[in-house]
Amino acid sequence: MAGAEAALEDARPVAWAISGGARGMENQCLALAEAAGYRPVPLQVTARAPWKWLPEKAWPLWGKVPARLSDKNRKTLLGPWPDLVVACGRQSVPLAIHIKRQSQGRTFVVQCQDPRVSAALFDMVVPPEHDGMAAAENVLPILGSPNLVLPWRLEAAARRWEPVFAPLKRPLIAVAIGGSSSAYTLTRDTIENLFRHLEQEQASSGGTLALTTSRRTGADNEALVRAHAERLGAWLWDGDGDSPILGLYALADAIVVTEDSVNMAAEAAASGKPLHVAKLTGGSEKFDHFHDALKARGIARELSGTAYETWDYTVLSETLRAAAEIRQRMKTLGFTLPPPRQTNP
C-alpha cells in the first residue's frame, strides 16, 4: 500500500467486527465493515462457561452481558463506542444486542446471518437468502455471504501475485478444494472424480491448473491432491505464507470450487470469472438453493469434464450492495460517513 493510501486508511474511523473467531464468520464482518468505508478491528467473543454453550433460547439468561465475557472483552466495552459494529455468529448475538442498547443510538449495529431472534433488536440484518429469514424492513437478504473479494483487494492481489502466476501457461484454471463438513464429505472417490474432470479441462484448454486446499481437506486427501498435482504438472500452494487465493481469483481465466462452502463459491463469483462447481458426496436443501441460484444467474456451471469453456456474467457484488445499504441507513440517521472506497479495479 502506497504512503498516501496507507495514511487514508489509518484516518478511516474504526468499526468493530465481532465474531466467535471462526475465519469464515470473521471475514464476513471484516468485509462488510471495510466495504462500508470503515477500518475494521476484529474482536472475538470469548464468553465464559457455561454461557458459551447456551442455546439461543437461553440468551436472556446472559443478563449483564459484560460479566459473561473475558477480561479483555469487558475492557473493550468500556468504549468509546464506534459508529459501526458488524457481528456474525451465534455467540456474537447477545453482545451485539447489548451494544445496540447501551450505545443508545451512538452505534449502528449490523448482524450477519439469521440471529434467530427478532430483527428489531438490530439496526440491520444481512442474512444469506438460503437462510429463509422472515422478511422485515431492516432485513437485507443476499445471495451467498459477505466476503473479502472486493475490487480494491483484487487489484492489490493481482499486483502482488502476478510475478508468481505470469510464467504459467494460459489459460490459468484456479481450483479451490474444500473438505468435509456437516453437509458434505470429501472422499478419495470424489477427489479421483474431481481430477478426472480437471484433467479433461486441462487437456482441452492446454492451460495450467493452480490448486489450493483448505484446513478441512485432511491429511490423506492432501496427499492424494499432491500426487495428482505432480502428475499433471499443476501449481500447488504448499500452505506456507499468505494464501494466494485472492491472487488466483484476480488472475485466473476460470475458477473451480468444491460445493461444500458457500463462502468459497461466493468469493469466486465476486471475481467475475467463469465458475465451475465440483460435486461432492452429500448436500442439503440450503446448499442446493444457493448453488441453484448461482446457476440461474448464469454465474456457475457444474464441473462435468467437458471441454474447457468460458462465459460472461454480471459479477456477484452482494457485499458492495449490502455495504451501500448500510451507508444509506447510517446517513439517514445522521451519522457522518467516511469516504467510500474506490470500487473500480
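See the structure above.
Calculation rules
- Residues numbered from 1 in each chain as written.
- Predicted model: local features only at pLDDT ≥ 70, side-chain atom pairs only at ≥ 80, totals over all residues.
- Heavy atoms only, no water.
- Helix = DSSP H or I, 4+ residues; strand = E, 2+ residues; numbered from the N terminus.
- Buried < 20%, exposed > 50% of the residue type's maximum accessible area, 1.4 Å probe, protein only.
- Lys, Arg positive; Asp, Glu negative; His and termini not counted.
- Salt bridge = Lys/Arg side-chain N within 4 Å of Asp/Glu carboxyl O.
- Contact = heavy atoms within 4.5 Å.
- Polar contact = N/O pair within 3.5 Å; in protein donor to acceptor, adjacent residues only side chain to side chain.
- Pairing = 2+ DSSP bridges.
- Right-handed = clockwise from strand over helix to strand, strands pointing away.

**Student:** Just checking my understanding: could you explain the side chain of glutamate 26 for this structure?
**Tutor:** Along the chain, glutamate 26 falls in helix α2 (residues 23-35). Although glutamate 26 is buried, it forms no salt bridge, and the closest oppositely charged side chain is arginine 23 at an N-O distance of 6.9 Å. With sequence-adjacent residues up to four places away left out, glutamate 26 is seen in contact with Ser19, Pro42 and Gln44.

**Student:** Just to check I follow, could you spell out helix α9 (residues 262-269) for this structure?
**Tutor:** Think of an α-helix as turning once every 3.6 residues; residues three or four places apart then point the same way. Burial analysis of α9 places seven of its eight residues in the buried class, which makes it a mostly covered element. Taken residue by residue, α9 has Val262, Met264, Ala265, Ala266, Glu267, Ala268 and Ala269 as its buried positions. Contact partners of the buried residues in α9: β6 (172-176), α8 (245-251), β10 (254-258), β11 (275-278) and α10 (285-296). The N-capping residue of α9, defined by a side-chain oxygen 3.4 Å from the backbone nitrogen of asparagine 263, is serine 261.

**Student:** It is not clear to me how the sheet that holds strand β8 (residues 208-212) should be interpreted in this structure. Could you clarify?
**Tutor:** In a beta sheet, neighbouring strands pair by backbone hydrogen bonds and run either parallel or antiparallel. The strand order across the open sheet built from six strands is β9-β8-β6-β10-β11-β13, with neighbouring strands paired in parallel fashion. Two strands in the sheet have a free side with no partner beyond their single neighbour: β9 (235-236) and β13 (300-302). Across four bridges, β10 lies against β11 in parallel orientation. The partner of isoleucine 255 across the bridge, within β11, is leucine 275.

**Student:** Explain the pairing of β8 here, please?
**Tutor:** A regular strand places its side chains so that they alternate between the two faces of the sheet. With five of its five residues buried, β8 lies for the most part within the structure. The alternating pattern of β8 places Thr208, Ala210 and Thr212 on one face and Leu209 and Leu211 on the opposite face, and all of these are buried. Where β6 lies against β8, five bridges are found, and the strand directions are parallel. Bridging across to β8, leucine 172 finds its partner in threonine 208. Looking at chain direction, β8 and β9 are connected through two bridges and run parallel. If you follow alanine 210 over to β9, its bridge partner there is tryptophan 235. In this region the chain leaves β8, passes through helix α7 (residues 219-232) and returns to the parallel neighbour β9; the handedness of that crossover is right-handed.

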